[in-house]
Amino acid sequence: VYQVFESVAKKYDVMNDSMTLGIHRVWKDIFVHKMNPSPGTLLLDVAGGTGDIAFRFLNYVRSVRERQLQQKLKHHQNLSWQEISESYQEDKFKSLGDSHVVVCDINKEMLKVGKQKAQHLGYSEGLSWVLGNAEELPFGDNKFDVYTIAFGIRNVTRIDLALEEAYRVLKPGGRFLCLEFSRVTNPLLSRLYDLYSFQVIPVLGEVIAGDWKSYQYLVESIRRFPPQEELKAMIEDAGFFKVDYQNLNSGIVAIHSGFKL
Amino acid sequence: SVVRCQLCPPQRALQVSAVLRRVSDEQKKEPFASSSEQQFESHSTDHQPEQEPQGPRPSYTGQGGQESEDYESEEQLQHRILTAALEFVPEHGWTAEAIAEGAKTLGLSVAAAGMFHSDGSELILHFVSQCNTKLSELLEQEQKLVHLGEAEKKPTDQFLRDAVEARLRMLIPYIEKWPQALSVLLLPRNIPSSLNLLTSMIDDIWHYAGDQSTDFNWYTRRAVLTGIYNTTELVMMQDSSPDFEDTWRFLENRVADAMNMGDAASQVQSTGEAVVQGLMGAAVTVSS
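Residues numbered from 1 in each chain as written. Chains lettered and ligands numbered in written order. Predicted model: local features only at pLDDT ≥ 70, side-chain atom pairs only at ≥ 80, totals over all residues. Heavy atoms only, no water.

**Q** Would you take a moment to explain the interface of chain B and chain A for this structure?
**A** How large an interface is tends to be reported as the accessible area lost when its parts come together. Counting from both sides, the interface comprises 24 residues of chain B and, opposite them, 24 residues of chain A. Of the roughly 1,800 Å² buried between chain B and chain A, counting both surfaces, carbon and sulfur atoms make up 60%. Linking chain B to chain A there are zero salt bridges. Where chain B packs against chain A, one counts four residue pairs in polar contact (both at pLDDT 80 or more). If you list the elements that add at least two residues to the side of chain B that touches chain A, you get α1 (74-86) and α3 (96-105) of chain B. Broken down by element, the residue count for the side of chain B that touches chain A peaks at three residues, all from α1 of chain B. (Contact = heavy atoms within 4.5 Å. Buried area = accessible area lost by both parts, 1.4 Å probe. Salt bridge = Lys/Arg side-chain N within 4 Å of Asp/Glu carboxyl O. Polar contact = N/O pair within 3.5 Å; in protein donor to acceptor, adjacent residues only side chain to side chain. Helix = DSSP H or I, 4+ residues; strand = E, 2+ residues; numbered from the N terminus.)

Laid out in structure tokens, this is it:
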């Protein structure tokens with residue numbers, strides 16, 4: 001798995017766009033929207049190498065924070081100038097409202113690409129990059145509000161260990177969210193999807209990234225990955241409650257959610 | 001009335017939960033039905049109020065988790081979070097933010113608010129259910145006093161006025177954000193639950209009124225009082241008089257009108273009118 005991603009890292013984003021015809025962006029938007037993070041949330045994004053989820057998270061809390069500050073201003077109509085200027089002081093340095101995302105990936109190259117992207121796009125605060133293994137996270141217990149893993153869990157050898165680690169590092173009340181390819185429910189769509197996956201994607205891999213094998217592997221790993229209900233059961237086994245999933249595009253991808261209660 | 005006691009079977013037998021507390025031995029609380037089809041039932045009059053110790057903390061289980069039957073269910077935890085969230089409604093409105101703040105006071109992550117709809121539906125329905133329970137208890141107490149001979153039985157019109165006023169006064173701390181709540185209660189998804197809560201409350205009031213004086217039939221009673229309640233509620237939203245005295249005067253007049261409905265014909269008409277009034281008023285609130 002490591003070598004697959006080493007070669008894939010630099011072209012990762014381009015390949016995602018071409019493989020999914022850009023729809024992966026929508027999936028990730030929906031994913032973060034479902035998370036609905038409030039400012040002050042501490043997020044751990046695992047296998048989040050190039051930062052897609054992290055950046056969306058930061059954008060989201062920033063806009064929520066802006067709206068909050070605007071609401072506060074409305075209520076400040078009756079305060080004295082002194083009080084208003086004091087509250088401005090407090091809020092000035094908190095455009096993210098103490099939100100923070102830790103991006104954890106097993107692969108140095110992916111992290112490097114992510115850091116470069118962050119710099120390029122102007123994300124300077126609220127981000128950390130940590131090298132780590134999903135099966136054995138380098139974090140203490142009960143630390144994070146939300147744990148996300150987007151298109152990463154199918155590459156984990158021992159999914160059950162990753163789920164247990166997710167449970168461990170989450171605070172009580174914390175949320176587990178997983179975005180991943182899953183079983184297509186519609187039989188007609190399923191045939192088309194198979195055709196596309198096995199015929200088109202490896203070709204794209206060769207043409208764009210010069211790497212047929214890695215993308216063949218990717219497509220096969222998707223097929224081997226447990227379907228929605230099975231993954232749901234695995235998440236419940238790790239100790240999560242209120243586990244549920246939402247299919248996107250008839251099951252091409254699914255978002256699984258669970259809470260540490 | 002019968003206490004509905006549905007024991008919630010333990011979801012996972014041997015899970016060591018991080019948060020779900022042990023239920024106190026005296027009373028298992030009535031659980032929520034699953035959130036996909038909410039059947040909000042107004043609690044029976046024998047139901048005890050939530051006996052939470054002040055500042056409940058999640059307990060980290062050290063034991064092997066074998067007595068999982070004694071742990072509260074997810075639904076009970078959700079109840080606790082929503083109750084805690086009410087404190088933050090005046091500031092944040094009926095929103096996920098209020099729920100997140102509520103979760104924080106229980107020592108939970110703000111992410112726990114993700115268990116609920118972002119439009120605050122569950123929070124509002126929870127609040128309404130709580131208010132209805134409080135009203136039932138109040139009326140039960142009053143009835144006890146009458147039975148013990150320590151109080152006079154009120155005439156029906158007085159009884160209805162007092163009951164509706166008591167119930168509406170519960171909205172006062174949240175009145176600024178209540179119009180928002182009303183519009184959420186009218187969302188198609190929430191209507192079964194909100195209607196259910198409303199009718200149970202109305203039926204409850206009539207039950208305790210022990211009305212012998214009027215010759216309304218059951219349907220008329222329900223419709224008439226529902227109309228009175230809804231219209232008074234809407235008037236209250238617009239009322240800026242001291243201690244809402246305009247609202248209570250409006251209420252007095254509506255109840256008086258209802259009592260004066262002598263004959264069957266006008267009763268039928270009012271039943272229809274009352275229902276329409278209620279719906280129209282609600283629609284106006286939503287559109288404004």
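Okay, back to it.
**Q** I'm lost on the environment of Pro172 of chain A in this one. Help?
**A** Residue and element names in this part refer to chain A. Here Pro172 is to be found in strand β5 (residues 170-181). Under the relative-accessibility criterion, Pro172 is labelled buried at 4%. For Pro172 and Asn142, which are 30 residues apart along the polypeptide, the C-alpha to C-alpha distance reads 6.8 Å. (Buried < 20%, exposed > 50% of the residue type's maximum accessible area, 1.4 Å probe, protein only.)

**Q** Is there a simple way to explain the sheet that holds strand β7 (residues 253-259) of chain A in this structure?
**A** Strand pairing in a sheet is mediated by backbone hydrogen bonds. Such pairs are either parallel or antiparallel. Residue and element names in this part refer to chain A. Reading across from one edge, β3-β2-β1-β4-β5-β7-β6 is the order of the seven strands in this open sheet, with mixed pairing throughout. The outermost strands of the open sheet, each flanked by one partner alone, are β3 (127-131) and β6 (241-248). Each adjacent strand pair in this sheet contributes to an overall mean axis angle of 15 degrees, direction not counted. As judged from the four bridges shared by strand β1 (residues 42-46) and strand β4 (residues 144-150), these two strands associate in the parallel manner. By the bridge assignment, Asp45 is partnered in β4 with Thr148. Against the sheet, helix α3 (residues 23-35) engages β1, β4, β5, β6 and β7, with an angle of about 160 degrees to β5. (Pairing = 2+ DSSP bridges. Axes fitted to C-alpha atoms, helices over the stretch in contact; angles between N-to-C directions.)

**Q** Help me understand the packing of helix α2 (residues 12-19) of chain A against helix α8 (residues 187-209) of chain A in this model?
**A** How two helices sit against one another is set out by the angle between their axes and by the gap between those axes. Residues and elements named next belong to chain A. Viewed as axis vectors pointing N to C, α2 and α8 meet at an angle of 145 degrees, and their least axial separation amounts to 10 Å. The crossing of α2 and α8 is right-handed. Residues Val14, Met15, Ser18 and Met19 of α2 pack against Tyr196, Ile201, Leu204, Gly205, Ile208 and Ala209 of α8. (Left-handed = near helix turned anticlockwise from the far one by under 90°.)

**Q** How should the pairing of β4 of chain A be read in this particular structure?
**A** A regular strand carries its side chains on alternate faces of the sheet. Summarising burial for β4 of chain A: seven of the seven residues are buried, a large majority. Handedness of the crossover is the feature at issue here: the chain leaves β4 of chain A, passes through helix α7 (residues 159-169) of chain A, returns alongside β5 of chain A, and the resulting connection is right-handed. (Right-handed = clockwise from strand over helix to strand, strands pointing away.)

**Q** Looking at this structure, I do not really get α2 of chain A. What am I missing?
**A** For the α-helix, the turn length of 3.6 residues means that residues three or four positions removed from each other point alike. Residues of α2 of chain A that are buried: Tyr12, Met15, Asn16, Ser18 and Met19 of chain A. Looking one or two residues past α2 of chain A, Leu21 of chain A carries a phi angle of roughly 55 degrees, positive in sign.

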